[in-house]
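Fold and geometry: a report
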Amino acid sequence: MKDKSTLVKKFEKVYGDITGVRVFFAPGRVNLIGEHTDYNGGHVFPCALTLGTYAVVKKRKDRKLRFYSVNFSKLGILESSLDELTPCKEDGWLNYPKGVMWAVEQKGYKIPCGIDLMVFGDIPSGSGLSSSASIEIVTGVILNALFGFGISNQDLALIGQYAEHNFNGVNCGIMDQFAIAMGKKDCAIFLDTADLSYEYAPVKLKDAKIIISSSNKRRGLSSSKYNERREECEMALSEIQAGMGINTLGDLDEALFEQVKMAIRDEDRRKRAKHAVYENQRTIKAVHALKNNDIELFGKLMNESHISLRDDYEVTGEELDTLVQEAWKVDGVIGSRMTGAGFGGCTVSIVKNNMVDEFIKRVGTAYKEKIGYSAKFYVVEIGSGPFEL
Ligand code: GLA
């Protein structure tokens, strides 16, 4: 399903007519380190994957929108219209493309006609590899290509985030959309979310691979918990700001935080802020380590990141903790941590080539024994940003 002609044939089966169809791709992403720092003015270090969302699209003559997902084929063709760009729970995945169309219009662009859209994704859904942001970015890229809006990829990322906040009600940071829109093959993006300055850092793992382990745990309450963490950090920041002029938690290093932390009156909130500050510093150190080819140190910082997400930020849970703890026991594991928002989803591990099979076997068996259902493993490659096929 990943080559153009198979996708177009499928589109023909679904919609009949293929005159003028175009095919696009946007990746998923995995964050190597820098978790829950992107709405705290800190750094992140994500990369785009070769897994992602393929979209086949054709302009219509009227204002109708038709959507079809190969992944949710049972739903059939779903219809909407440019005059109905409002969020609706029952719409499921449609809220992502519709949200971006709405956001683009909010920014002053006029979408002149409807589209027929078919998507196919090979990102495991609900795994925390940003399948939704991938759909958002592919939608933005499509609107640009079909209607000549000329929106930069960086602005498409901001539009995707705007849609998440104002259409889908998730107060996410900019990491996912940015990593996807700005991805570069074999590189991770060292992004300072305080001002969106960024740098590409080649990920040279020599004799190791990146393995994603999906917990297969449904991320039920994740968006409300996510918003709650964000609020806790905002409150901690305002408590610190009462005595000191900083803009974000990312402005603090560890020593400064230790000096001012008692301004945060609640212990849980202090722990959340501590994670945000320390994780940001860890991310900066990790990128230095990678640049110095010190993969061992990079891995150690990944492990510390997990511990902080588990103990201070409290977003891991038994499933992710089991995956990581079992990973740490396997020889040849350089580093392992949860990635993404948490509360389910997946972990990212850097594993020596010759131990990959062993890793999957041992972590998989231990996980099934303890949790009662299976995890799934993906050996992934770092891919580019969005493109037209
Ligand atoms: C989700 C959000 C991101 C980021 C991560 C946690 O993926 O969409 O903006 O906050 O969680 O690092």
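Calculation rules
- Residues numbered from 1 in each chain as written.
- Predicted model: local features only at pLDDT ≥ 70, side-chain atom pairs only at ≥ 80, totals over all residues.
- Heavy atoms only, no water.
- Buried < 20%, exposed > 50% of the residue type's maximum accessible area, 1.4 Å probe, protein only.
- Helix = DSSP H or I, 4+ residues; strand = E, 2+ residues; numbered from the N terminus.
- Pairing = 2+ DSSP bridges.
- Axes fitted to C-alpha atoms, helices over the stretch in contact; angles between N-to-C directions.
- Parallel < 35°, antiparallel > 145°, perpendicular 65-115°, else oblique.
- Contact = heavy atoms within 4.5 Å.
- Nonpolar A, V, L, I, M, F, W, Y, C, P; charged D, E, K, R; others polar.

The next thing to look at is the pairing of strand β1 (residues 22–31). Burial runs high along β1: 9 of the 10 residues are buried. Strand direction decides the pairing type here: β1 and strand β3 (residues 46–59), joined by 9 bridges, are antiparallel. Note that in β3 the partner of N31 across the bridge is P46. Looking at chain direction, β1 and strand β13 (residues 387–388) are connected through 2 bridges and run antiparallel. Its bridge partner being in β13, F24 is matched across the sheet by E388.

Pairs of packed helices are described in terms of their axes, by the angle between the two and the distance that separates them. Interaxial distance between helix α2 (residues 95–106) and helix α4 (residues 153–166) falls to 8 Å at its minimum, and their mutual angle equals 110°. Judged on the interaxial angle alone, α4 and α2 are roughly perpendicular. In contact with Y96, G99, V100, W102, A103, V104 and Q106 of α2, α4 contributes I159, G160, Y162, A163, E164 and N166. Across the contact of α2 with α4, the residue classes tally to 8 nonpolar, 4 polar and 1 charged.

This part is about the sheet that holds strand β7 (residues 187–192). One open sheet accounts for 3 strands, arranged β2-β7-β8; its pairing is antiparallel. The open sheet terminates on both sides in strands that have one partner only, identified here as β2 (43–44) and β8 (197–202).

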